[in-house]
Amino acid sequence: MQILKKLIIYLAGLLFAVYAAYNVFIIVRDSGRGLPLEGIIISAVVALMFVILSAFAWLSEVKIRLSTNTLGLSEVKNIRVLIIRDYAFIFALLVIFGLKLRMAGQVIAYFNIHYLQTGFYVASYVMTQIALLILIIYYAFILNRAPFFPRAAVIFPLVALILFLLSLMVEILLFLVFRVNLEANPLRTMIMRPVFYLAFICLSGYFLFPPPLMQETEN
């Protein structure tokens, strides 16, 4: 079970890193092709946030360690790493949620009751935003209090996982059936949209496992 847990979160870290690299690629490749300054800044911010998410994934199994020094006193290790990791993770999710929230007006304007694909696009957008918000609430308010909220500790990441999965399925439908490109070209859409959603699916799946426990060590 622990091996599966680590495989899932490390895969998430790899996918987050790939998506961060993709946004760097956009800056390098498209800045010379008329990509506006705003687009460059947004891509840079997105890349940074996904680097943070990747770092979180690779540090996810770090535990608080209690060790005894040469004087026989107990010392707490890794606590600063964990605090920085947790705040950075929540910050990254909030920024990603906020950047996508900027698109709400465009999404609403795109919706046309006469075209089914526009409804699917709005549904995918809304489900993704709700899933991100669920992860933020879960990590900020529920994870460290899981014994007091046993049902919520399972329901929140499970619902997030299902919503990300449904969003991916809807976008596959948009691409294959309605020929809607959600990235600059079909190749980027085929590769990067699944990378985005699979990363968050893996992250949500990881949260379904019990959190890392405190370990005791001796010097």
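As a convention, each chain's residues are numbered from 1 in the sequence order in which they are written. Note on the predicted model: pLDDT of at least 70 is required for a residue's local features to be given, and 80 or more for side-chain atom pairs to be given and counted; whole-chain, interface and lining totals, by contrast, use all residues. To obtain the side-chain values, all non-hydrogen atoms of the structure were included, while hydrogens and water were left out.

Engineer: Could you give me a rundown of the layout of surface pockets, with the residues and numbers involved?
Structural biologist: The space that makes up the largest pocket amounts to roughly 930 Å³. Buried and open spaces are told apart on a 1 Å grid over the protein atoms alone, a cavity being a set of points where a 1.4 Å probe fits but cannot get out and a pocket being an open set with protein on both sides within 12 Å along at least five of seven lines. Residues with an atom within 4 Å of a point are the lining residues. Considering the residues around the largest pocket, the lining is formed by 32 residues, among which Ile42, Met103, Leu182, Glu183 and Arg193 are closest to the centre. Secondary-structure elements contributing two or more residues to the lining of the largest pocket are α1 (2–30), α2 (37–59), α3 (79–101), α4 (104–110), α5 (116–142) and α7 (186–206). Runs of H or I in DSSP of at least four residues are treated as helices and runs of E of at least two as strands, each being numbered from the N terminus. Broken down by element, the residue count for the lining of the largest pocket peaks at 6 residues, all from α2. Residue classes follow a fixed rule: Ala, Val, Leu, Ile, Met, Phe, Trp, Tyr, Cys and Pro count as nonpolar, while Asp, Glu, Lys and Arg count as charged, and any other residue, Gly among them, counts as polar. In terms of residue class, the lining of the largest pocket is made up of 18 nonpolar, 6 polar and 8 charged. Grid points are joined across faces, edges and corners, and a volume is the space filled by probe spheres set on the points.

Engineer: Go over α2 with me, naming the residues and quoting the values.
Structural biologist: Under the convention used throughout, the expected extent of a helix is 1.5 Å for every residue step, that is, one less than its residue count. Taking 1.5 Å of rise per residue, 23 residues should cover 33 Å, and α2 covers 33 Å from first to last C-alpha, within 8% of that figure. Each residue gets one of three labels from its accessible area relative to the maximum for its type: buried under 20%, exposed over 50%, partly exposed in between, using a 1.4 Å probe on protein chains only. Where α2 is concerned, the buried positions are Gly39, Ser43, Val46, Ala47, Met49, Phe50, Ile52, Leu53, Ser54, Phe56 and Ala57.

Engineer: Explain unusual backbone geometry to me, using residue names and the numbers behind them.
Structural biologist: In the Ramachandran plot, Arg179 falls in the positive-phi region, its phi being about 55° despite a non-glycine side chain. Residue classification places Arg179 among the exposed positions, given a relative accessible area of 63%.

Engineer: Describe the nonpolar core, listing the residues and the values that go with them.
Structural biologist: As a rule of thumb, soluble globular proteins bury nonpolar side chains together. For the purposes of this section, nonpolar cores are sets of buried Ala, Val, Leu, Ile, Met, Phe, Trp, Tyr and Cys residues that join through side-chain atoms within 4.5 Å. Judged by nonpolar contacts, the single largest core of 60 residues is most densely connected at Phe50, Leu53, Phe89, Phe164, Phe200, Leu203 and Phe207. Listed by contribution, the elements that provide at least two residues to this core are α1, α2, α3, α5, α6 (150–176) and α7.

Engineer: An account of the environment of Ile108 is needed here, citing residue identities and associated values.
Structural biologist: Among the secondary structure elements, Ile108 is positioned in helix α4. Residue classification places Ile108 among the exposed residues on the basis of a relative accessible area of 64%. As a C-alpha pair, Ile108 and Thr118 span 10 residues in sequence and 9.3 Å in three-dimensional space.

Engineer: Pulling in residues and values, what's your account of the side chain of Ser204?
Structural biologist: The residue Ser204 is located in helix α7 in this model. We classify Ser204 as buried; its relative accessible area is 0%. Among the polar contacts made by the side chain of Ser204, one reaches the main-chain carbonyl oxygen of Phe200 at a distance of 2.9 Å. Apart from the residues within four sequence positions on either side, Ser204 is in contact with Leu135, Pro157, Ala160, Leu161 and Phe164. In protein, a polar contact means a hydrogen-donor-capable atom and an acceptor-capable atom, both N or O and within 3.5 Å, with residues adjacent in sequence counting only if both atoms are side-chain atoms; elsewhere, any N or O pair within 3.5 Å suffices. Residues count as neighbours in contact if any of their non-hydrogen atoms are within 4.5 Å of one another.

Engineer: Requested: an account of a nonpolar patch on the surface, with residues and values cited.
Structural biologist: Here a patch means residues that are over 30% exposed by relative accessible area and free of salt bridges, tied together within 9 Å if like-charged and within 5 Å if nonpolar (Val, Leu, Ile, Met, Phe, Trp, Tyr). What sets the accessible areas is the Shrake-Rupley method with a 1.4 Å probe; for residues, cover comes only from the shown protein chains. Take a side-chain nitrogen of Lys or Arg and a carboxyl oxygen of Asp or Glu: if they are within 4 Å of each other, that pair is a salt bridge. A cluster of nonpolar residues, Val154, Leu158, Ile162, Leu165, Leu166, Met169 and Leu208, forms a patch on the protein surface that exposes about 560 Å² of accessible area. Checked against the element boundaries, Leu158 lands in helix α6.

Engineer: Residue-level account of the pattern of salt bridges, with values.
Structural biologist: Tallied over the full model, the rule gives 6 salt bridges. Notably, a salt bridge pairs Asp86 with Arg85, separated by 2.9 Å at the nearest N-O pair. For the pair formed by Asp86 and Arg85, the shared burial category is buried. One salt bridge in this structure joins Arg193 and Glu171, with 2.8 Å as the shortest N-O distance. One end of the pair, Arg193, is in helix α7; the other, Glu171, is in helix α6, and 22 residues separate them in sequence. Just as Arg193 is buried, Glu171 falls in that class too. Shared partners join several salt bridges into a network, and the residues in it are Glu171, Glu183 and Arg193.

Engineer: Which residues make up the confidence of the model for the protein, and what values do they have?
Structural biologist: pLDDT is defined as a per-residue confidence score from the predictor, taking values between 0 and 100. In the predicted model, the protein carries a mean pLDDT of 90, and the fraction of residues at 70 or more is 90%. Low pLDDT, under 50, characterises residues 71–75; the predicted model gives this stretch 8 contacts beyond four residues in sequence or across chains. The low-confidence segment residues 214–219 (pLDDT under 50) makes 17 contacts with residues lying over four places distant or belonging to another chain.

Engineer: Can you break down the packing of α1 against α2 residue by residue, with the values?
Structural biologist: A fitted line through C-alpha atoms serves as each axis, taken over the contacting stretch for helices, and the angle formed by two N-to-C directions is quoted from 0 to 180°. Where α1 contacts α2, the axes come no closer than 8 Å and their chain directions differ by 165°. As far as their axial angle goes, α2 and α1 are roughly antiparallel. Between α1 and α2 the crossing geometry is left-handed. A per-class count over the contact of α1 with α2 returns 20 nonpolar, 4 polar and no charged. For classification purposes, angles smaller than 35 degrees are called roughly parallel, those larger than 145 roughly antiparallel, those between 65 and 115 roughly perpendicular, and all remaining angles oblique. Handedness of a crossing follows from how the near helix is turned relative to the far one, being left-handed for an anticlockwise turn of less than a right angle and right-handed for a clockwise one.

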